[in-house]
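One-letter residues, chain by chain:
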Amino acid sequence: MPRGDGQGRYGELFRLWMRRSLAPSWTLSLLGLLALLSLADWTPSALQAGGMSTPHLARGLERQALWSVALLLLSAWTAWHGARIVWRWREGEWSWIASRPVSPFRVWVATWAGASAGLGLLLLALGVVVEVGVGLGAKTLQMAGTQPVDYARLEPGQSMEIAWRGSTPTEGYVRVFLRSSLGWDPTTDVRLEARRGKRVEHIQLRLDARQGVEVKVPTQSTRPRPLTLTLTNTGGGALALDGGTPMEWWRPAGYEWLGSCSVIWRAFLGLSALLGLAMGLGGRMSAASAAGLTGALLLTATTGDLGLRLPWIPCADLPAVLAILGEGRLPMSCHLLLPLVSVALGAGAWWLAGRVR
Amino acid sequence: MPSAPDTLSQAPALELSDLTSSYRVGLWQRKREVLHGVSLTLERGRCLGLVGPNGSGKSTLLQVLAGVQRVDRGVVRVLGNDPRQARARAQLAYLPEDSPFPAELSASAALDLLGALAGIPRRKLRMRAGRLLEQVGLADQRRAPLRTFSRGMLRRFGLAQAFLSEPEVVLLDEPTAGLDAPGFAVLEALLREAQDRGASLLLASHLPSDLLQHCDDLALLLDGHLRAHGPTGELLAIEGRVQLELEGLGPGPLRELEIWVREAGGKVRSTSPAGRSLLELYAQADEQETHA
């Protein structure tokens, strides 16, 4: 006889959905495609011709390209896969599930968790293919913090000071994004100075477009002192501080391959939430409509600056993370709330699914 | 006053009172009513045949009893419990109409999954699954994925999963659909075993002849309404008519018998050679093939 309390075990259901997320034809096609793409050279010819390409940058660009293709395909597949789960239930699978002494919510969680675990394993396999194709790489910088800045315009000879608020950078580099104003001569010279107490570092360069300018952070003295940046327009054209992109602090961190780990973790959290959302919507409409709506929501989350403003939204910061990978650097650790939001979305979509179950 | 467990142990196997159930469709979950005010009782240890044409609501009724489909109005009890409670579902088995089991799993793995969801302890599950696969004739295919099974084999697998937990209440939706002659024998044996154990059975079919020999009672469902319910013999009997099966009479005596019936005020409505049942025909064909 079944157990007295009438509660079933969910491990087999978890395994079933993990297995379904790793359907051999799909998994092998994706891995094979990525392996083929890793044979191509992803450095733009303009960079190569200008002699600006370095092995570090080439690896970063390849890593960015491979992950972009993989995540694009994987997110579309996840939306479709998730939307079809409740469709499968409606087509009959719910009859052998719900007639057992199970809790429908636990069935939902086991299904979602199993399908998500399959996605996680697939992401790990993709990571191995990417890193084998790209090469693990050398030590690099990791983004350690950002600080919003206001738009500002500096005429020739003008300068401005920006104080770094919050936790003070102790080492590495600070980067600000500048733009030379349009005109008959769109170039100007700029000096960026970083001051901490009596210690000063600076950089002077010619600017002819929008560009990120980095200055070394003066090493930390025994007592932490505030960091102040001074920006001076030393050229003949106008200069603008780009307020659309925050000021960034980069510090020496691990190896380049850790960038793939960061993408895997973020994509796992993001795609798990996406999967749950598609499952929930699948309870209210056809699988095609649910997949389409999920895709539209994903597009909304990943376009614009939503990822910068609300980095706890699943998938929202992936484009920015991929851009950082393209520089051969490592992104910031993901937002602390992101795992919680993903779990809440995946499990909470149960209520979204309504009474179809 | 009896205590709660006593009351439950005396409760009918199945009890429906003024049951209304509907599907919800579309984004706004609009209702489409399928069952309208159905009331029905199945006492413990008895077998009820639920008959009706396609689309009459038989499958929905079984889904309601299995806790798969929700109820809009009315009362549903399985052994005195609400089937939405896991406790009630732990004591019932359900064979869905279309065998929608996970096609990528082997028969053995699928039984592991279904048994685990039923909460059957692992060791007992392994033993029982092996025995049932043997009983339904799928022991040799235990490692084959269900997607490679024929319709009849899937039906046999469906029967195996239904009887996995030795249930007290068995709900079978179109149990004979797709079954071959040995499959019928398997079904017969499983039903007999369940009846001997004292289990209560509800068999739904749009072909009542499949079920008659097992069913104590028959219920007729038309357009979601229960139109008739009673003992099988009574329900199918036609008042004033008797069916007579004769053996050993030639055409002459038969003609005399017909004249005698007419003179006595009766009427012979039809005369035709007595037919063997489909099962007997299957068995004979099987036997001939074996000999050949």
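Residues numbered from 1 in each chain as written. Chains lettered and ligands numbered in written order. Predicted model: local features only at pLDDT ≥ 70, side-chain atom pairs only at ≥ 80, totals over all residues. Heavy atoms only, no water.

Draft legend 1. Structural view of the overall build of chain A. A tally of helices and strands in chain A yields ten helices and ten strands. Counting only C-alpha atoms and orienting by the principal axes, one finds that chain A spans roughly 85 × 40 × 40 Å. Expressed as a percentage of its 357 residues, the buried residues of chain A come to 50%. Taking as baseline every contact in chain A between residues at least 6 positions apart, the subset at least 24 positions apart corresponds to 81%. Surface accessibility of chain A: about 15800 Å² in total, with carbon and sulfur atoms responsible for 63%. Of the side-chain charges in chain A, 34 are positive and 23 negative, and the distance between the mean point of each set is 10 Å. (Helix = DSSP H or I, 4+ residues; strand = E, 2+ residues; numbered from the N terminus. Buried < 20%, exposed > 50% of the residue type's maximum accessible area, 1.4 Å probe, protein only. Contact = heavy atoms within 4.5 Å. Areas by Shrake-Rupley, 256 points an atom, 1.4 Å probe, with all protein chains shown as cover. Lys, Arg positive; Asp, Glu negative; His and termini not counted. Charge placed at Lys NZ, Arg CZ, Asp CG, Glu CD.)

Draft legend 2. View of the pattern of salt bridges. For the coordinates displayed, the defined rule picks out 25 salt bridges over all chains. Between E256 of chain A and R63 of chain A there is a salt bridge, and its shortest N-O distance comes to 3.6 Å. With E256 of chain A in the loop between β10 (247-255) and α6 (258-282) and R63 of chain A in helix α4 (residues 55-98), the pair connects residues that are 193 residues apart, well separated along the chain. In terms of burial, E256 of chain A and R63 of chain A fall into one category: buried. The salt bridge involving R84 of chain B is made with D82 of chain B; its shortest N-O contact spans 2.9 Å. Look at D82 of chain B and you get buried, because its relative accessible area is 18%. Here the salt bridges share partners, and the residues they tie into one network are R175, E214, E248, E327 and R329 of chain A. (Salt bridge = Lys/Arg side-chain N within 4 Å of Asp/Glu carboxyl O.)

Draft legend 3. Local environment of the confidence of the model for chain A. For chain A, the mean per-residue pLDDT works out to 88, and 94% of the residues sit at or above 70. Note on residues 1-6 of chain A: pLDDT under 50 across the span, and 18 contacts to partners over four residues away in sequence or across chains. (pLDDT = per-residue confidence, 0-100.)

Draft legend 4. Main features of the environment of L30 of chain A. Residue and element names in this part refer to chain A. On the secondary structure map, L30 appears in helix α2 (residues 24-37). A residue is classified by how much of its surface remains accessible, and L30, at 2% relative accessible area, is buried. Discounting residues that sit within four places of it in the chain, L30 has contacts with L73, L74, L122 and L126.

Draft legend 5. Region of the structure containing the layout of surface pockets. In this structure, the largest pocket spans a volume of roughly 1100 Å³. Along the walls of the largest pocket sit 23 residues, with Q243, L244, V268, S270 and T271 of chain B positioned nearest its centre. (1 Å grid on protein atoms, 1.4 Å probe; cavity = no way out; pocket = protein on both sides within 12 Å on 5 of 7 lines; lining within 4 Å. Points joined across faces, edges and corners; volume = space filled by probe spheres on them.)

Draft legend 6. Region of interest: the interface of chain B and chain A. Between chain B and chain A, the contact holds 37 residues from the first and 33 residues from the second. Summed over both partners, the interface of chain B with chain A comes to about 3200 Å²; 54% of that surface belongs to carbon and sulfur atoms. Where chain B packs against chain A, one counts one salt bridge. Our count for the contact surface shared by chain B and chain A stands at ten residue pairs in polar contact (both at pLDDT 80 or more). For the side of chain B that touches chain A, the secondary-structure elements that each account for two or more residues are α3 (86-89), β5 (92-95), α4 (107-117) and α5 (122-135) of chain B. In terms of residue count, α4 of chain B provides more of the side of chain B that touches chain A than any other element does, five residues in total. (Buried area = accessible area lost by both parts, 1.4 Å probe. Polar contact = N/O pair within 3.5 Å; in protein donor to acceptor, adjacent residues only side chain to side chain.)

Draft legend 7. Looking closely at unusual backbone geometry. With a phi angle near 50°, D18 of chain B is a residue other than glycine that sits in the positive phi range. Along the chain, D18 of chain B falls in strand β1 (residues 14-25).

Draft legend 8. Summary view of empty space enclosed by the protein. In this structure the tally under the stated criterion is two cavities of 30 Å³ or more. Lining of the largest cavity is provided by 15 residues; of these, R100 of chain A together with L92, A93, A118 and S165 of chain B occupy positions nearest its centre. Where the lining of the largest cavity is concerned, the elements lending two or more residues are β5 and α6 (151-162) of chain B. Counting residues per element, the lining of the largest cavity draws most heavily on β5 of chain B, at three residues.

Draft legend 9. Expanded view of the packing of aromatic side chains. Residue and element names in this part refer to chain A. As enumerated under the stated definition, the model contains eight aromatic pairs over all chains in all. Relative to W94, the ring of W89 has its centre 4.8 Å away and its plane inclined at 35°; by these criteria the two rings are tilted. Across the pair, exposure class does not vary: W89 and W94 are buried alike. Grouping aromatic residues by their ring pairs yields a cluster made of W89, W94, F105, W108, W350 and W351. Positioned above the aromatic ring of W249 is the side chain of R251, whose terminal nitrogen or guanidinium carbon lies 5.6 Å from the ring centre. Lying over the aromatic face of W250, R329 brings its terminal NZ or CZ to 4.8 Å of the ring centre. (Phe/Tyr/Trp six-rings, centres within 6.5 Å; stacked < 30°, edge-to-face > 60°. Lys NZ or Arg CZ within 6 Å of the ring centre and 35° of its normal.)

Draft legend 10. Here's a closer look at α6 of chain A. In a regular helix each residue adds 1.5 Å, so 25 residues correspond to 36 Å; α6 of chain A covers 35 Å between its end C-alpha atoms and thus fits that length. Most of α6 of chain A sits out of view: 21 of its 25 residues are buried. (Expected span 1.5 Å × (residues − 1).)

Draft legend 11. Quick look at the packing of α4 of chain A against α6 of chain A. Residues and elements named next belong to chain A. Across the interface, α4 lies against α6 with an axial gap of 8 Å and an inter-helix angle of 25°. Classified by the angle between their axes, α4 and α6 sit roughly parallel to one another. Regarding α4 and α6, the two cross each other, and that crossing is right-handed. Broken down by class, the residue content of the contact of α4 with α6 amounts to 15 nonpolar, six polar and two charged. (Axes fitted to C-alpha atoms, helices over the stretch in contact; angles between N-to-C directions. Parallel < 35°, antiparallel > 145°, perpendicular 65-115°, else oblique. Left-handed = near helix turned anticlockwise from the far one by under 90°. Nonpolar A, V, L, I, M, F, W, Y, C, P; charged D, E, K, R; others polar.)

Draft legend 12. A look at the environment of G280 of chain A. The topology assignment puts G280 of chain A in helix α6. Spatially, the C-alpha atom of G280 of chain A lies 20 Å from that of T302 of chain A, the residues being 22 residues apart in sequence.

Draft legend 13. Layout of the sheet that holds strand β7 (residues 200-205) of chain B. Residues and elements named next belong to chain B. Spatially, six strands are ordered β5-β6-β7-β3-β8-β9 in an open sheet, and the strand pairing comes out mixed. Across the chains shown, the open sheet's two edge strands, defined by having one partner strand only, are β5 and β9 (225-231). Put simply, the sheet's adjacent strands are angled 15° from each other on average, direction ignored. Pairing between strand β3 (residues 47-51) and β7: five bridges, direction parallel. Bridging from a neighbouring strand, V51 pairs with S205 of β7. (Pairing = 2+ DSSP bridges.)

Draft legend 14. Local environment of the nonpolar core. Within the largest apolar cluster, 121 residues are counted, with the highest numbers of intra-cluster contacts made by W67, L74 and L126 of chain A together with F163, L171 and L172 of chain B. For this core, the leading source of residues is α4 of chain A, giving 13 residues. Those residues in contact with L171 of chain B, other than ones at most four positions away along the chain, are L14, L62, L65, A66, L92, A93, Y94, L95 and L202 of chain B. (Core = buried A, V, L, I, M, F, W, Y, C linked by side-chain atoms within 4.5 Å.)

Draft legend 15. Geometry of the confidence of the model for chain B. Within chain B, residue pLDDT values average 86, and 90% of them lie at 70 or more. Helix α1 (residues 4-10) of chain B is the least confidently modelled element of chain B, averaging 59 in pLDDT, while α4 of chain B averages 95, the highest of any element.

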